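Commentary on secondary and tertiary structure
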Amino acid sequence: MEAQPHHAVHYVNRVGWLRAAVLGANDGIVSTASLMTGIAASGASAQAILLSGIAALVAGAMSMAAGEYVSVSAQADTERADLAKEAKALRTQPHAEWAELRDIYVERGLTLALAGQVAEQLMAADALGAHARDELGISEVATARPVQAALASAASFAAGASPPILAAAVAPAGQAIPAVVGMCLLCLAVLGHVGARLGGAKPVRSILRTLLWGSLAMAATAVAGHLFGAAI
């Protein structure tokens, strides 16, 4: 019987953009819906509720993009600094770097002799790449990509913020809160399911997690809106 080709499906190569996309969409849904719920609970007009949602979408998308770009750029700067230091060490102390790589492989279970051969061959092929991967933990999969993270966060935030705004726009008079809350919970359930499927996780746990925190955020904001609205 002929052996079937082995095709393992891995999800780690999605971690960079998936994290930014899920974070952006979740933040877009929760922050926008929570803000609109709080404004509605204060007794504001339908126009004010809708305008607050639009403002939240624009401000939130730009904030997410800027935050992701700055934070991931800082990570990229750190990676470049470490790689420059490693490259200098490889030029000035190649034997010490070889021994360092050999010891890493020994700790992973190879014999001393075999670890030395593996380190020697990998360094002959790509010394900096071998040390970046096995000593520093920097690989092509995990490399920081600021622009990709910023665009993914901004787009996903806008996509997440849009449904609550649309729900408020079409809701009958006086029904903004149930419309926004219902749309928010539906979107969070869908986001939890899609994020789990893309990441190879169990959907139920992800859905419950997103629903729990989204509900708490909207409840807290609604209470604050009601209290301050009554005081004003």
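Attention here is on the structure that accompanies the text. (Residues numbered from 1 in each chain as written. Predicted model: local features only at pLDDT ≥ 70, side-chain atom pairs only at ≥ 80, totals over all residues. Heavy atoms only, no water.)

Here we come to the overall build of the chain. Helix and strand counts for the chain stand at seven helices and zero strands. Ordered by position in the sequence, the α and β elements of the chain form the string α-α-α-α-α-α-α. Relative to its 232 residues, the chain shows a buried fraction of 34%. Looking at the chain alone, contacts between residues at least 24 apart form 74% of all its contacts between residues at least 6 apart. (Helix = DSSP H or I, 4+ residues; strand = E, 2+ residues; numbered from the N terminus. Buried < 20%, exposed > 50% of the residue type's maximum accessible area, 1.4 Å probe, protein only. Contact = heavy atoms within 4.5 Å.)

All right, on to the pattern of salt bridges then. Close approach of charged atoms lets side chains of opposite charge pair. Under the definition given, this model contains four salt bridges. Here D77 ties to R80 by a salt bridge, and the two come within 2.3 Å at their closest N and O atoms. With a gap of three residues between them, D77 and R80 both fall in helix α2 (residues 46-92), about one helical turn apart. Classification of D77 as partly exposed rests on a relative accessible area of 42%. In this structure R80 comes out as exposed when scored by relative accessible area, which is 52%. For D134, the salt bridge identified is with R133, shortest N-O distance 3.8 Å. Linked through salt bridges whose partners overlap, the residues forming this network are R108, R133 and D134. (Salt bridge = Lys/Arg side-chain N within 4 Å of Asp/Glu carboxyl O.)

Take the state of the cysteines next. Taken as a whole, this structure holds zero disulfides when the rule is applied. We note that C184 lacks a disulfide partner, and the nearest cysteine sulfur, in C187, lies 7.2 Å from it. Under the relative-accessibility criterion, C184 is labelled buried at 0%. Since its relative accessible area comes to 15%, C187 is described here as buried. (Disulfide = S-S within 2.5 Å.)

To continue, consider the packing of helix α3 (residues 94-107) against helix α4 (residues 112-134). Where α3 contacts α4, the axes come no closer than 8 Å and their chain directions differ by 110 degrees. Here α4 runs roughly perpendicular to α3, going by the angle between their axes. Taken as a pair, α3 and α4 cross one another with a handedness that is right-handed. Across from P94, E97, W98, L101, R102, I104, Y105 and V106 in α3, the residues of α4 making contact are L112, A115, G116, V118, A119, E120, L122, M123, A130, H131 and D134. (Axes fitted to C-alpha atoms, helices over the stretch in contact; angles between N-to-C directions. Parallel < 35°, antiparallel > 145°, perpendicular 65-115°, else oblique. Left-handed = near helix turned anticlockwise from the far one by under 90°.)

All right, on to the packing of α2 against helix α5 (residues 146-170) then. At a closest axis distance of 8 Å, the pairing of α2 and α5 adopts a crossing angle of 165 degrees. As summarised for this structure, α2 and α5 are arranged roughly antiparallel, according to the angle between their axes. Between α2 and α5 lies a crossing whose hand is right-handed. Broken down by class, the residue content of the contact of α2 with α5 amounts to 22 nonpolar, five polar and one charged. (Nonpolar A, V, L, I, M, F, W, Y, C, P; charged D, E, K, R; others polar.)

This part covers α3. In this model α3 runs 20 Å from its N-terminal to its C-terminal C-alpha over 14 residues, within 8% of the 20 Å that 1.5 Å per residue would give. Buried within α3 we find E97, A99, L101, R102, I104 and Y105. Buried-residue contacts for α3 involve α2 and α4. One or two positions beyond α3, positive phi appears at G109, with a value near 120 degrees. (Expected span 1.5 Å × (residues − 1).)

Our focus in this paragraph is the environment of A149. Locating A149 in the fold gives a position in helix α5. Separated by 82 residues in sequence, A149 and G67 place their C-alpha atoms 9.6 Å apart.

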